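What follows is the residue order along each chain.
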Amino acid sequence: MRRILWGRSTSSNVMKVIWTLEALKLPYERIDVGGPFGKTDTPEYRAMNPTGLVPTLQEDDFTLWESNAIIRYICNAYAPDTTLWPRDQRARAIVDHWMDAQQTVQNRPASTIFLGLVRTPPEKRDNAAIDQAIIDTARAYGMIAGNLAKTPYICGDTLTLADIVWGIHVHRWFVMDFKRPEVPALREWYDRLLSLPIYQEHIARPLV
Ligand SMILES: N[C@@H](CCC(=O)N[C@@H](CS)C(=O)NCC(=O)O)C(=O)O
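None of the values given here were measured: they were computed from a predicted structure. (Residues numbered from 1 in each chain as written. Predicted model: local features only at pLDDT ≥ 70, side-chain atom pairs only at ≥ 80, totals over all residues. Heavy atoms only, no water.)

K.L.:
Describe in detail the sheet that holds strand 2 (residues 29–31), supporting the description with residues and values.
P.N.:
What the four strands build is an open sheet, ordered 2-1-3-4; its pairing is mixed. Two strands close off the open sheet at either side, each with one partner strand: strand 2 and strand 4 (62–65). Averaged over all pairs of adjacent strands, the angle between their axes in this sheet comes to 20°, without regard to strand direction. The pairing of strand 1 (residues 3–6) with strand 3 (residues 56–59) spans four bridges and is antiparallel. (Pairing = 2+ DSSP bridges. Helix = DSSP H or I, 4+ residues; strand = E, 2+ residues; numbered from the N terminus. Axes fitted to C-alpha atoms, helices over the stretch in contact; angles between N-to-C directions.)

Below you can see the structure in the form of structure tokens.
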């Protein structure tokens, strides 16, 4: 079976899949598409992924898109006993709700900050929107910080998919240049992630 991950390695949603595949030591090829690489608006790519976004996972004639769905599939299909996505139904549901909250609560304001500060020149920035997004993103991080004040990872004593989907973004949060509220539990969790070789190599990279 040939496993291909379509998507540039600088995308937060592609990083989720890279981190999961690397953590489970599953072999894969990665093809750069999206962003400066383009090629996501071709009929071939749209046939795999109608959203035209990255990532897409391809395993022979099976294709899957939506990063959170992809990493759940990978655990379910290839590592059913992994602690990344626990088997216990309630423990799994708790990981899932934190994963969904990353997509529905954190992602939009965090993207406004990232696109504003990293991808937009100062004279073209909407500073009011960025300021509001910082408040909204801090509020989102406040939710996971409540857990992290009690346990080393979002869902307890071990790293799960919830840490993967939020952990990619927290690097951006700490590296971008703006005034952040001090939240020690969040900073300690980020430091914990920074000690992981996979995080160092694939996630904690310069922002582009
Ligand atoms: N909900 C989707 C969102 C995917 C998404 O927004 N991907 C961004 C990169 S993080 C993208 O494709 N941007 C356009 C591009 O890179 O060309 C997922 O989680 O996979």
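Alright, that's what it looks like, and here's the rest.
K.L.:
With reference to specific residues and values, describe helix 6 (residues 161–175).
P.N.:
Compared with an ideal rise of 1.5 Å per residue, which puts 15 residues at 21 Å, helix 6 spans 22 Å between its outermost C-alpha atoms and is within 8% of the ideal. The largest bend along helix 6 measures about 30° and falls at Gly167. Summarising burial for helix 6: 14 of the 15 residues are buried, a large majority. (Expected span 1.5 Å × (residues − 1). Bend = angle between axes of the 7 residues up to and from the residue. Buried < 20%, exposed > 50% of the residue type's maximum accessible area, 1.4 Å probe, protein only.)

K.L.:
Requested: an account of the domain arrangement of the chain, with residues and values cited.
P.N.:
We note that the domain assignment places domain 1 (3–78) and domain 2 (89–201) within the chain. On a C-alpha basis, the centroid separation for the pair domain 1 and domain 2 is 21 Å. For the pairing of domain 1 and domain 2, the buried interface totals around 1,400 Å² over both sides, and the portion due to carbon and sulfur atoms is 63%. Inspection of the domain 1/domain 2 interface yields one salt bridge. The salt bridge involving Asp96 is made with Arg72; its shortest N-O contact spans 3.3 Å. Contributions of two or more residues to the side of domain 1 that touches domain 2 are made by helix 1 (12–23) and helix 3 (67–78). Taken together, the residues of the side of domain 1 that touches domain 2 sort by class into five nonpolar, seven polar and five charged. (Domains from an automatic or database assignment. Buried area = accessible area lost by both parts, 1.4 Å probe. Salt bridge = Lys/Arg side-chain N within 4 Å of Asp/Glu carboxyl O. Nonpolar A, V, L, I, M, F, W, Y, C, P; charged D, E, K, R; others polar.)

K.L.:
Which residues make up the pattern of salt bridges, and what are the values?
P.N.:
For the structure on display, the rule yields seven salt bridges. In this structure, Arg3 and Glu59 form a salt bridge, with 3.0 Å as the shortest nitrogen-oxygen distance. Here the residue Arg3 occupies a position in strand 1, and Glu59 occupies one in strand 3, the gap between them amounting to 56 residues. Of the two residues, Arg3 and Glu59, both sit in the buried class. With a closest N to O distance of 3.0 Å, Arg187 and Asp191 form a salt bridge. In this pair, Arg187 and Asp191 both sit in helix 7 (residues 184–194), four residues apart, roughly one turn of the helix. A relative accessible area of 34% means that Arg187 is categorised as partly exposed.

K.L.:
So what's going on with the layout of surface pockets? Which residues, and what values?
P.N.:
In this structure, the largest pocket spans a volume of roughly 520 Å³. What lines the largest pocket is a set of 32 residues, and nearest its centre among them are Arg8, Ser11, Ser12, Asn13 and Val54. Counting residues per element, the ones that place at least two in the lining of the largest pocket are helix 1, helix 4 (89–118), helix 5 (127–148) and helix 6. No other element matches the eight residues that helix 4 contributes to the lining of the largest pocket. Classifying every residue of the lining of the largest pocket gives eleven nonpolar, 17 polar and four charged. (1 Å grid on protein atoms, 1.4 Å probe; cavity = no way out; pocket = protein on both sides within 12 Å on 5 of 7 lines; lining within 4 Å. Points joined across faces, edges and corners; volume = space filled by probe spheres on them.)

K.L.:
I'd like a description of the pairing of strand 4, backed by residues and values.
P.N.:
Pairing between strand 3 and strand 4: four bridges, direction antiparallel. From the neighbouring strand, Glu59 faces strand 4, where its bridge partner is Phe62.

K.L.:
Run through helix 1, naming residues and quoting values.
P.N.:
Taking 1.5 Å of rise per residue, the twelve residues of helix 1 would be expected to cover 16 Å, and the 16 Å separating its terminal C-alpha atoms lies within 8% of that figure. Listed in full, the buried residues belonging to helix 1 are Ser12, Val14, Met15, Lys16, Val17, Ile18, Trp19, Thr20 and Leu21. Capping the start of helix 1 is the job of one residue whose side-chain oxygen sits 3.2 Å from the backbone nitrogen of Asn13: Ser11. The positive-phi residue at the C-terminal boundary of helix 1 is Lys25, with phi of around 55°. (Polar contact = N/O pair within 3.5 Å; in protein donor to acceptor, adjacent residues only side chain to side chain.)

K.L.:
Any chance you could break down the pairing of strand 1 for me, citing the residues and the numbers?
P.N.:
Judged by which residues are buried, strand 1 turns out to be covered on both faces: Arg3 and Leu5 on one side and Ile4 and Trp6 on the other are all buried. With three bridges joining them, strand 1 and strand 2 adopt parallel strand pairing. Within the sheet, the bridge partner assigned to Trp6 lies in strand 2 and is Ile31. Where the polypeptide runs from strand 1 across helix 1 and back to strand 2, its parallel neighbour, the crossover connection is right-handed. (Right-handed = clockwise from strand over helix to strand, strands pointing away.)

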